[in-house]
Amino acid sequence: MAIITVPLAIFLLGIGVSSFLLMRGREASGEEGTVGVLNASMGFSAVGIMGSGWTWSIHNSMLIGSSSMCATEGLVQCGSVIGDPQWNNLFGIPWGLIGIGSFAIIWFLVLSIRMDMHAKWTSNYVDLLYFVSLAGVPFVLWLVIVELTMVDGAPHICPYCTVIHIALLGMVASAYYLRQKKETGTWT
Amino acid sequence: MSRRRAKALPRGKDEDVRTVAGLITAGIISLVVVISVILAPIPQVGPDEGNQAPDFVAESYNGASWSEYRLSDNFDWDWNGSSDSKWFLIQFIDTDCPYCWTEGQEMSQLHSQWKDKVNFVTIAAQLNIPNHESNKDEVEAFRDKTSYFGCNSDRDDCSDRPGGPHDWPYIDDGTNSILGSWELSGTPFTAILEPDGTVAWNKNKHQGEGGDGEELPAALQRLVGGQ
């Protein structure tokens, strides 16, 4: 099975476009820059939600056999990572489902700010967005360690998991720049 | 005296947009969940009959060495009910459990009878009760019937276990994680799986209150004997 599949290409494109928007929004001043970073945030969180949904589907299909949604052999594959019953869960909940829930919170915060950039609660929401995104980083580090050292036949790299990890890191960077814009008075 | 008017800051909208944002988020998440489930329906996984058996990856002892063992790697996912694929007998023990000690005899007999049609897998847990501490050496000795004092609640040498040496994989579940995924609190326990990993017989559903009393040998005969 080819490593780059259509869904993976779409997710990578989403990461690329969001990164471009983030770079442009970071450099632009005033409201235009803030809107750019918020759009990038929406892109990263959308990739996170869809990517998590995809890995959850892979997880479900692997419970009753091999999955046609991702390669199961070789270094870059999902079978030994998402299909591993020992590691692909947190207190019994699949990581894909946890990803959907976590990115849903992020999406809600970003969308709220995007819909009303000048509301009184915006500062609180920007701080919350930053800390919620940052809270995901230790989990990403843990999951990278798991796929590289602990799963059956390690090391393996799960491409969809990696896309979600990058989306979260992009989200942390976006939230950091939004916070910076608030603190330096360049929000508008 | 002239008064300078401060520059007005942009004001937020009159209505609270967070309710709308919440509804939009809920809608998107619902859509993603529905699409995910359509792409791959959520299978019923658990110890109940008719469910997919809980999978595990753990260290397995084959009589010579320990290696990684994944239960689902041995399933025949294309099994249609009529092929020659082997069934599975999953047994949970604790090397210090007296009932598991005596069950060693029955397991030896059943293996002699059914080894051509059934894969035997024994999972050695470590129940959290006094004198039930074990280790890999004890599991090896219990399986192989070799000398190691500490089996059967530290009362016996493992070489005295009833039955012969067990010629099938013994899985180390010292953390009781597999025991937990099978929703078990004690040993011994046995289950029969179809070749594709579907639970066909669960001891706890047949024995005890409300059960039909069917024993393991009869269940093997009923399920596998007619194949």
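About the criteria used
Per chain, the residues get numbers from 1 upward, laid out in the order the sequence is written. Each chain gets a letter, beginning with A, and each ligand a number, beginning with 1, in the order they are written. For this predicted model, a pLDDT threshold of at least 70 governs which residues receive local features, and a threshold of 80 or more governs which side-chain atom pairs are given and counted, while totals over whole chains, interfaces and linings are taken from all residues. Confidence of the predictor at the level of single residues is captured by pLDDT, which takes values from 0 to 100. Secondary structure is summarised from DSSP: a helix means a run of H or I of at least four residues, a strand means a run of E of at least two, and numbering begins at the N terminus for each. The contact criterion used is a C-beta to C-beta distance within 7 Å, with each C-beta placed from the backbone. When residues are sorted by character, Ala, Val, Leu, Ile, Met, Phe, Trp, Tyr, Cys and Pro go into the nonpolar class, Asp, Glu, Lys and Arg into the charged class, and all the rest, Gly among them, into the polar class. With C-beta atoms placed from the backbone, a residue counts as buried when 20 or more other C-beta atoms lie within 10 Å of its own, as exposed when 12 or fewer do, and as partly exposed for counts between those limits. Any two strands between which DSSP finds at least two bridges are classified as paired. Only the contacting stretch of a helix is used when fitting its axis, a line to C-alpha atoms as for every element, and angles between N-to-C directions run 0 to 180 degrees. Each angle receives one of four descriptions, namely roughly parallel if under 35 degrees, roughly antiparallel if over 145, roughly perpendicular if within 65 to 115, and oblique otherwise. Here is the rule for handedness: rotate from the far helix to the near one, and if that takes an anticlockwise turn smaller than a right angle the crossing is left-handed, while a clockwise turn gives right-handed.

As a further point, take the confidence of the model for chain A. Overall, the predicted model of chain A reaches an average pLDDT of 92, with 98% of residues at or above 70. Considering each helix and strand of chain A separately, the mean pLDDT is smallest for helix α3 (residues 79-82) of chain A, with a value of 82, and largest for helix α4 (residues 95-115) of chain A, with 97.

For an interface, size is often stated in terms of accessible area lost upon the parts coming together. Listed per partner, the contact involves 30 residues of chain B and 27 residues of chain A. When contributions to the side of chain B that touches chain A are tallied by element, the ones reaching two or more residues are α1 (18-39) and β2 (66-70) of chain B. Here the side of chain B that touches chain A gets 13 residues from one element, more than from any other, and that element is α1(B). Partitioning the side of chain B that touches chain A into residue classes produces 19 nonpolar, 5 polar and 6 charged.

This part is about the pairing of strand β8 (residues 189-193) of chain B. All names here are of chain B. In terms of residue burial, β8 counts as a mostly covered element, since 5 of its 5 residues are buried. Burial of the side chains of β8 extends over both faces: F189, A191 and L193 are buried on one face and T190 and I192 on the other. Where strand β3 (residues 87-94) and β8 come together, 5 bridges link them in antiparallel fashion. Following the sheet pairing, F88 is matched in β8 by L193. Sheet topology places β8 next to strand β9 (residues 199-202); 3 bridges connect them, and they run antiparallel. In the strand pairing of β9, I192 is matched with W201. Hairpin connection between β8 and β9: a loop of 5 residues separates the two successive antiparallel strands, and G197 in this loop has a positive phi of roughly 90°.

Let us now look at the packing of helix α5 (residues 122-135) of chain A against helix α7 (residues 159-183) of chain A. Residue and element names in this part refer to chain A. Between α5 and α7, whose axes approach to 9 Å, the crossing angle comes to 150°. Classified by the interaxial angle, the pair formed by α5 and α7 is roughly antiparallel. The two elements α5 and α7 cross, and the hand of that crossing is left-handed. Contacts between α5 and α7 pair S123, V126, D127, L129, Y130, S133 and L134 from the former with L168, M171, V172, A175, Y176, L178, R179 and K182 from the latter. Across the contact of α5 with α7, the residue classes break down as 10 nonpolar, 2 polar and 3 charged.

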